[in-house]
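Reading the structure
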Amino acid sequence: MPSTIVRSGHEGPVTKRQKLNGIDARGVQRESKIFTPFRTIGLVSSTPVPFTSIPLGKTSFQITTSVGRCLQTYDLKRGLNLVFLTRPQTPEDITATIAWKDRVFAAWGGSNLDGVQGLWVFKRGKEIARLDIPTDLAQPIKQILIFGTWIVGCCSTRIEIWKSTTYEHYTTLYPTATQKGGNELTGGVTNMPTYLNKIFAGRKDGSVEIWNISSGKLIYTVLPPTANCGAVTAMQPTPALSLLAIAYSEGALIIHDIRADKTIIELNAGLSNSKITSISFRSDDLGAGEDGRKPGVMATAGPESGDITFWDLNGGGRVMGVLRGAHNPPSDVGTIVGGGVSKAKFLPGQPLIVTSGLDNSLKSWIFDEVPYSPIPRILHSRSGHAAPVNKLLFLPSDSDGADAGGKWLLSAGKDRSLWGWSLRRDGQSTELSQGNIRKKAKKLGILAAPSLTNEPGTTLDDLKAPEITCFAISLNRDGGMGANAGGGAIWQKGSAGNKKATDATLSGVTGWESIVTGHKEDKVARTWFWGRKKAGRWAFETGDGGYVKSIGISPCGTFAVVGSEAGGIDMFNLQSGLHRQRYPSRLTPAQARKLKIQQLQGAEGAIQFHSNTKKSFTVGLGKHTKAVTGLVVDSLNKHLISCSLDGRIKFWDFMTGNLVDELDWHPMASITSMRYHAPNDLIALTSDDLSIRVVDIETKKTIRELWGCQGAINDFCFSNDGRWIIAASSDCIIRVWDLPTGHLIDAMKMKTQCTALAFSGTGEFLATTCEGEVGVSIWNNKTLFTHVPTRHISESGIANISGPTVSGEGGQGVIDGAFEDEQEDEEDSAPAPLIDQLSSDMMTLSLIPKARWQTLLHLDLIKQRNKPKEAPKVPEKAPFFLPSLEKPVPLTTTEREMPVDSIAERSRIMKMGRLVSEGAFTVALRSGSESGDYTPFINHLKTLSPSAADLEIRSLNPGSEVGSDELVNFVSALTSRLTQKRDYELVQAWMTVFLRLHMDAVAHDDRLIDALREWRECQEKEGARLGDLVGFCGGVVGFLRSPRT
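Here is a short report on the structure shown in this document.

Rules used in this analysis
- Residues numbered from 1 in each chain as written.
- Predicted model: local features only at pLDDT ≥ 70, side-chain atom pairs only at ≥ 80, totals over all residues.
- Heavy atoms only, no water.
- Helix = DSSP H or I, 4+ residues; strand = E, 2+ residues; numbered from the N terminus.
- Buried < 20%, exposed > 50% of the residue type's maximum accessible area, 1.4 Å probe, protein only.
- Salt bridge = Lys/Arg side-chain N within 4 Å of Asp/Glu carboxyl O.
- Pairing = 2+ DSSP bridges.
- Axes fitted to C-alpha atoms, helices over the stretch in contact; angles between N-to-C directions.
- Phe/Tyr/Trp six-rings, centres within 6.5 Å; stacked < 30°, edge-to-face > 60°.
- Expected span 1.5 Å × (residues − 1).
- Contact = heavy atoms within 4.5 Å.
- Polar contact = N/O pair within 3.5 Å; in protein donor to acceptor, adjacent residues only side chain to side chain.
- Patch = residues over 30% accessible without salt bridge, like charges linked within 9 Å, V, L, I, M, F, W, Y side chains within 5 Å.
- Areas by Shrake-Rupley, 256 points an atom, 1.4 Å probe, with all protein chains shown as cover.
- Parallel < 35°, antiparallel > 145°, perpendicular 65-115°, else oblique.
- Left-handed = near helix turned anticlockwise from the far one by under 90°.
- Nonpolar A, V, L, I, M, F, W, Y, C, P; charged D, E, K, R; others polar.

1. Re unusual backbone geometry
A cis amide bond links Val370 to the next residue, Pro371, at an omega of -10°. In this structure, Pro371 sits in the loop between strand 28 (361-366) and strand 29 (377-383). With an omega of 0°, the peptide bond running from His666 to Pro667 counts as cis. Mapped onto the secondary structure, Pro667 falls in the loop between strand 45 (659-664) and strand 46 (671-677). Even without a glycine there, the phi angle at Leu80 is positive, about 60°. Relative to the helices and strands, Leu80 resides in the loop between strand 4 (71-75) and strand 5 (81-85). The class of Leu80 is buried, set by a relative accessible area of 0%. With a phi angle near 55°, Lys101 is a residue other than glycine that sits in the positive phi range.

The following block contains the structure:
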């Protein structure tokens, strides 16, 4: 119980505790009132940790990748379909993994000296064991090796050994110490077949140590081939016994005979800055030689490039082929775009190689035997964004509702890609194609170049469209998979003469593009087919030559609007790709002459341009003076709304291009972005003064100003029903405002600032992405099943929460809120009195359902309608299991010998029975007549069903005494309720039934006539008062609706 309770100045029943700010008195709130974490999508292989694979039978393999603190397992036979996610997630990031039998081992830990380390075991996604870690271990385990009865964990300068049967820690091995950190294990550890209890450890000084882990002794040290070969970066045993492949940081790659301590093959693997970190050998005895019928194929890869080199080791070794661009190369501008190959591995006994890269992708490649090719082709691929996401948008439902339900999410990243994510099935997620990039690269000679590091030429990324900065979508004209993409090239520029005439005709039948995107520092906007998941036919160039800053699309899906940084706005037809309008519209020579004459006359004072009734704008004028930051087409295609950094909101006639209205906020604010909610006809605009203003486009009035952001607003959106505005700012806080009240009702503080967000059309999900993250976080909306108060919260009530996880651990489903018990805070609460009537002067209706008192009025008609038309027929023959009733049942002895009571006894029993049978209706009515308070009687009458109320009114007894006349008492009770101005419709219904049933008794009872006269006077008074009020309200509404006003 709290120590103090907030008390109000008035006393009343504490019916419900009122939450004031939602803060837990014991500490800072740790969860949002509206949103709960669900899961993270878009992560495949987002960390440098290499994948691990395990065969299942002879033809299927499971491949496990690390995505931070969770492991994802894919089934190769199902096309790299996701089958397992590990739970629980590890406390720190995973540093090494290995699959062994039916289990997956994952090492995790922090890189700090005081970081906690761990090694967990998972089976089918569930944790089954945790290995004991030495207390003095402060280094993360960067590689795990399992063979025989041993589990080996390789750290930077030590090797930990466990038993694979009992998971008990066995011993710790320390490499021989040398100067300048030469004992660092840069090459990891490996084992070789037939070498019992032996492991090989690659050191920074270039030597390889051989340890017997059973005895814990150093057996032998293999020295580097040359003095300047550098550190060991990778080791892998070959299919031939006693041969070990060793790669060095300076580019040397050797095949060493361990038993003879002799180098068999020495290869030059490349430049010194392209070290090899992954080596694999093909084990199906094919692939080498001129015809591919010989064994001896080796693959090498490294993080400095996205290429994979294939070697033929026969005859001293040679390069037989290079798979260029298997993964994105590292970015030249830092770590914005991930790239390079983290691991390449041949699958045992299969002509397949699986690769993973730092570009967040996992791919499988297959070698063709007929015709023979030394370079594989792509077989399966699972990937995501290689760079942080900067734009999000849920797909709207199209005209037939095919994509309804919040299923798809669009995301654009800094890696120049556009992705469509399915929230129902991960396998349906795909990147929208930008054409055959590899084919273009071959024509330009990019893939044939030996190295692009020192040459400032074209890269694979340059063949893609620039980074997407804005997009718009409408599915009403999307043709799906059957849309005609035309026979020409993608993203055609120029006038109609450069475009095929048949494109518009064919697309008119099958549909056309539905997505339009604007790009960073680019003068053209590009179109995309959503149904076919590919690039479209057109590229729309700005009319004034400025870079594209904003994009809009009409709700019908036919027109695209492009705004430039110079203030120009152009409209294009998506079906034909032709330019249709400019805002403001171009002036004809006659209009230009007329405008010049009007300007001259206006300067002389002959014409008054100012009007008292309506704004007037000159045709052809009104262009924005600065960058257009937002474009919206209203739901009827009547107006185009634009906003700009010049602080003006302009309303254009969509078809003519003329300016019809304008809102000028200059120099108060510069408008940075705009969002539109079509059902409410509201637009929300953000400004550089950190505010969000909501404008009604019908009245052109500002209806809300929302303040509270402490940093620049990165992104914001409406909720699906238009009640909320959700905004993300650079102060790392996501805020939610309630539009009807204008209150800040919820806020979430993230670890890093949120750069983009989107709300699903069904209201189920909120999608967010934070700075530096390639994944997209999905949040559930709890208000679908629970109530959330709209009370304003303070800055101290902002929740510090962690985002969703890949595995969904700690998250909640959409309907989980329906099963939660509503908890009420005892702190900061006050009593809330019950209010049955807002004012004693206001006539109040009851809360009884309308059907109940209407049924009472027509109960006779209902009974007549439900009366059976004919009597029930006796069945010809009863079923065999029923007894026969042809003979009368004999009376029992008790019934035959029951004595006849006397007359006095019978009268006494009848009197007592009458007293006992007097119901609550009669008792409450008599009590009300005695006390003068009929409220308990009215409340009891409300609880009766229509048939029960009709029976009680029929059974009213006209008594001879003054206080016992139930008819008079009933009329007095209704008069009392009418005087209190309560239950108006019920009083009318009850009086109607009373008069219909007891009209005959009215003419013979003077007391009843007086009671009815009093009720009529009260009724006429209230009826006249209500009639005046209704007439006044009707007149006001009619005046407001009149077109003359």
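2. Quick notes on the pattern of salt bridges
Tallied over the entire structure, the rule returns 37 salt bridges. Between Asp75 and Arg78 there is a salt bridge, and its shortest N-O distance comes to 3.4 Å. Taking the relative accessible area as the measure of exposure, Arg78 reaches 57% and is therefore exposed. Several salt bridges share partner residues, and in doing so they unite Arg648, Lys650, Glu662 and Asp664 into one network.

3. With respect to the sheet that holds strand 20 (residues 252-257)
Here we have four strands laid out as an open sheet, ordered 18-19-20-21, and antiparallel in their pairing. Bordering the open sheet on either side are strand 18 (232-237) and strand 21 (262-268), each of which pairs with just one other strand. The average angle at which neighbouring strand axes cross in this sheet is 20°, direction not considered. Two elements, strand 20 and strand 21, share six bridges in a ladder whose sense is antiparallel.

4. Thoughts on the packing of aromatic side chains
This structure, assessed with the given rule, holds 22 aromatic pairs. Between Trp419 and Trp421 the ring centres are 4.8 Å apart and the planes differ by 10°, which places this aromatic pair in the stacked class. Here the two residues Trp419 and Trp421 agree in accessibility, since each one is buried. Measuring from ring centre to ring centre gives 5.2 Å for Trp491 and Trp528, while their planes differ by 70°; the resulting arrangement is edge-to-face. With Trp491 in the loop between strand 34 (468-473) and helix 2 (502-510) and Trp528 in strand 36 (residues 524-529), this pair connects stretches of sequence that are 37 residues apart. Each member of the pair Trp491 and Trp528 is classed as buried. Aromatic ring contacts, followed pair by pair, group Phe921, Phe937, Phe970 and Phe994 into a single cluster.

5. Focus on the sheet that holds strand 35 (residues 515-519)
Read across the open sheet, the four strands follow the order 34-35-36-37; overall the sheet is antiparallel. In this open sheet, the two edge strands, each paired with only one partner strand, are strand 34 and strand 37 (534-541). Between one strand and the next, the sheet's axes are offset by a mean angle of 25°, whatever the strand orientation. Here three bridges tie strand 35 to strand 36, and the two strands are oriented antiparallel to one another. Its bridge partner lying in strand 36, Val516 is registered against Thr527.

6. Re helix 14 (residues 1006-1041)
Taking 1.5 Å per residue as the helical rise, helix 14 with its 36 residues ought to reach 52 Å, and the 52 Å between its terminal C-alpha atoms agrees with that figure. Within helix 14 the residues assigned to the buried category are Leu1008, Ala1011, Leu1012, Trp1015, Cys1018, Gln1019 and Glu1022. Residues of helix 14 that are buried make contact with helix 11 (966-979), helix 12 (984-997) and helix 13 (999-1002). The opening residue of helix 14 is Asp1005, an N-cap whose side-chain oxygen sits 3.2 Å from the backbone nitrogen of Arg1007.

7. Looking at a nonpolar patch on the surface
Where nonpolar side chains cluster on the molecular surface, the patch consists of Phe1032, Val1036, Phe1039 and Leu1040 and spans about 450 Å² of accessible area. Mapping Val1036 onto the fold places it in helix 14. By relative accessible area, Val1036 is classed as partly exposed at 36%.

8. Thoughts on the pairing of strand 22 (residues 278-281)
Judged by which residues are buried, strand 22 turns out to be covered on both faces: Ser278 and Ser280 on one side and Ile279 and Phe281 on the other are all buried. Here strand 22 pairs with strand 23 (residues 297-301) via four bridges, running antiparallel. Bridge pairing links Ile279 to Thr300 in strand 23.

9. Considering the environment of Val104
Relative to the helices and strands, Val104 resides in strand 7 (residues 103-109). Of the residues examined, Val104 reaches a relative accessible area of 13% and is grouped as buried. Sequence separation between Val104 and Trp120 is 16 residues; the distance between their C-alpha atoms is 8.4 Å.

10. Quick notes on the packing of helix 4 (residues 850-857) against helix 10 (residues 946-954)
Packing of helix 4 against helix 10 brings their axes to within 9 Å, and their N-to-C directions diverge by 45°. One way to sum up the angle between helix 4 and helix 10 is to call them oblique. For helix 4 against helix 10, the interelement crossing comes out right-handed. Contacts between helix 4 and helix 10 involve Arg852, Thr855 and Leu856 on the former and, on the latter, Pro946, Ala949 and Asp950. Grouping the amino acids of the contact of helix 4 with helix 10 by side-chain chemistry returns three nonpolar, one polar and two charged.

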